[in-house]
Amino acid sequence: MKVANITEVEFRKMVKLSSDRLNKHAELIDSLNVFPVPDGDTGTNMSLSMTSGNQYVAESTATSVGELTTALAKGLLMGARGNSGVILSQIFRGFNKAVKTKEVLTAQDLSDALSGGAEVAYKAVMKPKEGTILTVARKAAEGARKAVKESDDVLVVMEAAYNAAEEALANTPNQLPVLKEVGVVDSGGKGLTYVYQSFFDILAGNDHLLEVDNKISEKDMEDMIKSEHHKSVQGQMDTEDIKYGYCTEIMVRLGAGRLVDREFDYDEFRNHLAELGDSLLVVADDEVVKVHVHTEHPGDVFNYGQHFGSLIKMKVDNMRLQHETILETQDTPAAPAMPVMKNDLSGDYGIIAISSGKGISELFQGLGANYIVSGGQTMNPSTEDIVAAIDKTGAEKVIILPNNKNILLAAQQAAEVAEVEVAVIPSATIAQGMAALFVFNKDASLAENAEAMTENLEYVTSGQVTTAVRDTTIDGQVIKKDEFMGIIDGKIKLTEKTALEAAIAMSKEMIDDDSEVITIIFGEDGTQAEAEEIKEAILAIDEDLEVEIHAGNQPVYPYLISVE
């Protein structure tokens, strides 16, 4: 069966199946992360990123594939989380650049798009590594280019690309020794093969792999609703700031019921509901329409729905009460966690710090940060989250401290689309972020601050204590599940039976003759008493060292220790 081109109908299905498949296999992809720490989130980040891309495509009224690739690229850009999500968004940014004016895609167009995707993705990474998602993208493009020389069948070209991607994935352990040592393939590359597999399956006529009639699943709807809550409600610092206080959901069986007096028109229906509130989601097929909206008048939503059919599901939650409960019971609300706070330290700058833990956020504020986005190893903020933070600072000059290597690319991507001057300091840890702020000068230019703050990152050594989530061997180090690891500047250096033992052993390894100041930040699973024991052990090494202890309230890491 020859497939001459890809129409917008096929492309929508290709994106939808990709999103479904990444969601289904997110945990598997997460499990391929090399480090055995409780933050293996590659699959989760790629799934959330593709869900955003699919949502933009689903909401687009475009009739050309080129326009749909633009919607996909925008959705991926704004929803991108973690390095894997950002690289995925860059792949489809390049894909879009190659075919954005096309009505349909020919075999040559498809090949050009895959090549464009790989090229842009490589350029987006400062130091590209082979044996990663980048290699898989490049090899898939090479496979497509070879195939298109002999065939004008898009199915043949996509099959060649997918097969080349799988072959490249299988070879990643031979390119990255750490993958071979652990016995896994690259997690990001695995995620990309699911996307290309989905593209091939739709072109091969395997539409049955999609949900029946392309109906959205309950889980998808729940995830989309959670995303809207994350963006709209949790971002409010004060309960009184919530404009629309009732989270309202309805499901309408179209055409059924005694009160039906109107024909359903999606655009008209959605536009009317948009006037009643915000955070609106409307998903419909021929039989049912599902609605989620934040409004002050839930009854108006119910009444409007009955004009089109019978209400088969109704739900209302008082978000003001929910938000008050969150503020009372959680130390780390979702992003962003704190309002803009102008102070003498920041001047007319907007300084955004990505932080996980109430205590750490307060430390950043004390050093001059005036906007906090909650995030870290287990919760990477999206590009859109960071763009929103930039906008909310109201500043013309903005500095971003990602404080995590897996958030850096999203921060850089946000800086690119922002409408003001933004400098991203490549802080990979909380300690580096704080060290950068020590040399910030409110009277200096953005370029001068960026240079000085980046330079100061190398003068701090960062240590983290966390639990191993599985048995593995890395860099010759045998690691057992549930042991506590000491990680120094991103490398696992030791393991111990307890967090306290790991913290003390790690501290001893971090300290040298040039050390002056040691900072201990204990998290949710650490204690003040144990932090004092760590301090005593450090002073036993050198009583002249200055040792500070802070309650950080951070998850995942019982102890964060820095040496300057």
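Above: the structure in question.
Bear in mind the structure is a predicted one, so any value in this text is a computation, not a measurement.

Draft legend 1. Examining the packing of helix 6 (residues 107–124) against helix 7 (residues 133–148) more closely. Their axes nearest at 8 Å, the elements helix 6 and helix 7 cross at an angle of 155 degrees. When the axes of helix 6 and helix 7 are compared, the pair comes out roughly antiparallel. Two packed elements cross with a definite hand, and for helix 6 against helix 7 that hand is left-handed. Here Ala107, Gln108, Ser111, Leu114, Ser115, Ala118, Ala121 and Tyr122 of helix 6 lie close against helix 7, whose contacting residues are Leu134, Thr135, Ala137, Arg138, Ala141, Ala144, Arg145 and Val148. Grouping the constituent residues of the contact of helix 6 with helix 7 by class yields ten nonpolar, four polar and two charged.

Draft legend 2. Focus on the sheet that holds strand 12 (residues 484–488). Judged by pairing direction, the sheet is mixed, and its six strands sit side by side in the order 13-12-9-16-14-15 without closing on themselves. Every interior strand has two partners, whereas the edge strands, strand 13 (491–496) and strand 15 (546–551), have only one. Adjacent strand axes in the sheet meet at a mean angle of 20 degrees, parallel and antiparallel pairs treated alike. The sheet contact formed by strand 9 (residues 461–467) and strand 16 (residues 559–563) spans five bridges and is antiparallel. Within strand 16, the position partnered with Gly463 by the bridge is Ile561. With respect to the sheet, helix 20 (residues 499–510) is in contact with strand 9, strand 12, strand 13 and strand 16, its orientation differing from that of strand 9 by roughly 160 degrees.

Draft legend 3. Region of interest: helix 5 (residues 82–99). With 18 residues, helix 5 should cover 26 Å at 1.5 Å per step; its first-to-last C-alpha distance of 26 Å lies within 8% of that length. In terms of burial, helix 5 is a largely internal element, 14 of the 18 residues being buried.

Draft legend 4. Looking closely at the side chain of Gln413. Mapping Gln413 onto the fold places it in helix 17 (residues 408–417). Classification of Gln413 as buried rests on a relative accessible area of 2%. At a separation of 2.4 Å, a polar atom in the side chain of Gln413 contacts the side chain of Gln90. Contact partners of Gln413, with chain neighbours within four places excluded, come to Leu77, Ala80, Val86, Ser89, Gln90 and Thr383.

Draft legend 5. Local environment of the pairing of strand 15. Where strand 14 (residues 517–522) meets strand 15, six bridges bridge the pair, whose relative direction is parallel. Within the sheet, the bridge partner assigned to Ile518 lies in strand 15 and is Val547. Chirality of the crossover, the property in question, places the unit of strand 14, helix 21 (residues 528–541) and strand 15 among those that are right-handed.

Draft legend 6. Focus on the sheet that holds strand 6 (residues 371–374). The parallel open sheet is built from four strands, whose spatial order is 6-5-7-8. The outermost strands of the open sheet, each flanked by one partner alone, are strand 6 and strand 8 (421–424). Ignoring strand direction, the axes of neighbouring strands in this sheet form an average angle of 20 degrees. With four bridges joining them, strand 5 (residues 349–355) and strand 6 adopt parallel strand pairing. Within the sheet, the bridge partner assigned to Ser355 lies in strand 6 and is Ser374. Strands strand 5, strand 7 (397–401) and strand 8 of the sheet are contacted by helix 19 (residues 446–455), whose axis makes an angle of about 15 degrees with strand 7.

What counts, and where the lines are drawn
- Residues numbered from 1 in each chain as written.
- Predicted model: local features only at pLDDT ≥ 70, side-chain atom pairs only at ≥ 80, totals over all residues.
- Heavy atoms only, no water.
- Axes fitted to C-alpha atoms, helices over the stretch in contact; angles between N-to-C directions.
- Helix = DSSP H or I, 4+ residues; strand = E, 2+ residues; numbered from the N terminus.
- Parallel < 35°, antiparallel > 145°, perpendicular 65-115°, else oblique.
- Left-handed = near helix turned anticlockwise from the far one by under 90°.
- Contact = heavy atoms within 4.5 Å.
- Nonpolar A, V, L, I, M, F, W, Y, C, P; charged D, E, K, R; others polar.
- Pairing = 2+ DSSP bridges.
- Expected span 1.5 Å × (residues − 1).
- Buried < 20%, exposed > 50% of the residue type's maximum accessible area, 1.4 Å probe, protein only.
- Polar contact = N/O pair within 3.5 Å; in protein donor to acceptor, adjacent residues only side chain to side chain.
- Right-handed = clockwise from strand over helix to strand, strands pointing away.

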